[in-house]
Amino acid sequence: MGDSSQMLANIFEQPSVAERCLAMDLPMPPLPDVDRVIFSACGTSRHAGMVGRSWWQTLLQIPAHLEDAADGYPVQVPPKSLIYLLSQSGQTRDVIDVAQRFPTAPKWGITNGSKTRLHELASYTLQTHAGEEKAVAATKTFLGQLLLLLRVALAWHDRANRNVPQTIVLQSKIAQIPQQIQTTLNQTEVACQQVAQKLVAADRLILLGSGINTAIALEGALKLKETVYLHAEGLSSGDFMHGPIAIIESGFPVITIAIPGSATYDKTITEAKRVKSYGAYLIGITTESAVYDADLFDAVLPITDIDELLSPLLTVIPLQLVAYYMAKNRGLAIDAPRNLTKFIG
Ligand code: F6R
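Residues numbered from 1 in each chain as written. Predicted model: local features only at pLDDT ≥ 70, side-chain atom pairs only at ≥ 80, totals over all residues. Heavy atoms only, no water.

Going by the annotation in an unreviewed UniProt entry, the name recorded for the protein chain is Glutamine--fructose-6-phosphate aminotransferase [isomerizing], with Romeriopsis navalis LEGE 11480 given as the source organism. For the protein chain, the Catalytic activity (unreviewed entry) comment in UniProt is given as "D-fructose 6-phosphate + L-glutamine = D-glucosamine 6-phosphate + L-glutamate". (UniProt positions renumbered as here; feature names shortened; annotations may be inferred.)

Here it is in structure tokens:
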């Protein structure tokens, strides 16, 4: 590493954050009598909520929704809903407003602080134990949120005897996550430096994901906007075909996340070929043993092999690193971007 940036240190702390999140005691309260979960959060925490929504839908087969707490539009909370509030700081005004608007609805929370406003308003609040995140851009706290969401989903599955076959298989794989994060950091850092160099003059970037990784495309775009001030847009690869693809011209940089074994892999690859055929400079985030046409990607940011449902824990890493190295190449104030302040819980 050889660098004093807090953001880079936070990115590289993620294997130990994962170890702590998997080792910590997880006292599960009685499950609330609900038939849906509504995640509500802002910014990076909202992207964690998008992944949480996919996990509740697939691992628990419980209807799950996501509300943008910052939008100001009144969140709709039908009876028998659990409101799940995610906030690194546990203090974000918009999130606290949502909690206060529904005093009688059951509310759970995840935060990185220990005595936050969220603790006062939610009946069950878990702390990510990611450690203080000094860089403004959230990286390790995002990972902590994902891991606690995953652990709660798995614990809920067992407590409710849901017996979803896919979830039972996944249970046996989570112990490997810290090592997989470490391996991915080792495997992908040099490629991220090269891509950051290649994009040194880029002033725009499209990030594409699909399924559970659409959230990561959005999160990557947010990291690039806040640390590099780059006009980056994240969206689903499928949706990109419905109009936005017109933006592509020769050399337009696009990063696409394609995880083999996912229901959307073949479709994503077909879409990637289309994007490439219009001249995009195409960067792939995919697993080390993925098979694809040799001329599809101009650059690859590899992650270690992983089940698609767990892959957001890894696919976000190269995007964090590309954002960091691009900001570094441009001489920007990586840990304290302009126009932003950070609450720490
Ligand atoms: C991005 C970032 C912000 C926060 C958002 C919500 O890196 O940090 O988008 O995620 O302001 O903050 P919390 O999670 O404290 O509610």
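### Overview of the UniProt feature "domain: SIS" (unreviewed entry) in the protein chain
Per the UniProt entry, the sites bearing "domain: SIS" (unreviewed entry) are residues 23-162 and 195-337 in this numbering. Here residues 23-162 is 36% helix and 19% strand, with 24 Å between the C-alpha atoms at its ends. The span residues 195-337 is 38% helical and 20% strand by assignment, and the distance between its end C-alpha atoms comes to 21 Å. (Helix = DSSP H or I, 4+ residues; strand = E, 2+ residues; numbered from the N terminus.)

### Side note on the side chain of Thr167
Secondary-structure assignment places Thr167 in helix α7 (residues 165-171). A polar atom in the side chain of Thr167 sits 2.7 Å from the backbone oxygen of Leu59. Ignoring any residue separated from it by four or fewer positions in sequence, one finds Thr167 in contact with Thr58, Leu59, Leu154 and His157. (Polar contact = N/O pair within 3.5 Å; in protein donor to acceptor, adjacent residues only side chain to side chain. Contact = heavy atoms within 4.5 Å.)

### Digging into the environment of Pro253
With respect to the secondary-structure elements, Pro253 resides in strand β8 (residues 253-257). A C-alpha to C-alpha distance of 9.4 Å links Pro253 and Asp203, two positions 50 residues apart in sequence.

### Quick word on the site of the ligand
Not every one of the 14 residues close to the ligand is listed here, only the nearest: Ser45, Ser87, Gln88, Thr92 and Glu226. A distance of 2.7 Å separates an oxygen atom of the ligand from a polar side-chain atom of Ser89. Note that an oxygen atom of the ligand is positioned 2.6 Å from one of the side-chain N or O atoms of Glu226. In isolation the ligand offers 410 Å² of accessible surface; the protein chains occlude 82% of this area. At a threshold of 2 Å from the grid points, most atoms of the ligand map onto the largest pocket. Contributions of two or more residues to the shell around the ligand are made by α3 (43-58) and α9 (214-228). Classifying every residue of the shell around the ligand by side-chain character gives 5 nonpolar, 7 polar and 2 charged. (Near = heavy atom within 4 Å. Areas by Shrake-Rupley, 256 points an atom, 1.4 Å probe, with all protein chains shown as cover. 1 Å grid on protein atoms, 1.4 Å probe; cavity = no way out; pocket = protein on both sides within 12 Å on 5 of 7 lines; lining within 4 Å. Sits in = over half its atoms within 2 Å of the grid points. Nonpolar A, V, L, I, M, F, W, Y, C, P; charged D, E, K, R; others polar.)

### Side note on the pairing of strand β7 (residues 231-236)
The sheet contact formed by strand β6 (residues 204-209) and β7 spans 6 bridges and is parallel. Counted as the bridge partner of Leu205 is Ala232 from β7. Regarding the hand of the β-α-β motif, the stretch spanning β6, α9 and β7 is right-handed. (Pairing = 2+ DSSP bridges. Right-handed = clockwise from strand over helix to strand, strands pointing away.)

### Some words on helix α2 (residues 14-23)
All of the buried residues along α2 are Gln14, Pro15, Val17, Ala18, Cys21 and Leu22. One side of α2 carries all its buried residues, which in axial view fall inside an arc of 160°. Where α2 is buried, its residues meet α1 (6-12), α6 (140-159), α8 (177-198) and α12 (312-329). (Buried < 20%, exposed > 50% of the residue type's maximum accessible area, 1.4 Å probe, protein only. Arc of directions from axis to C-beta.)

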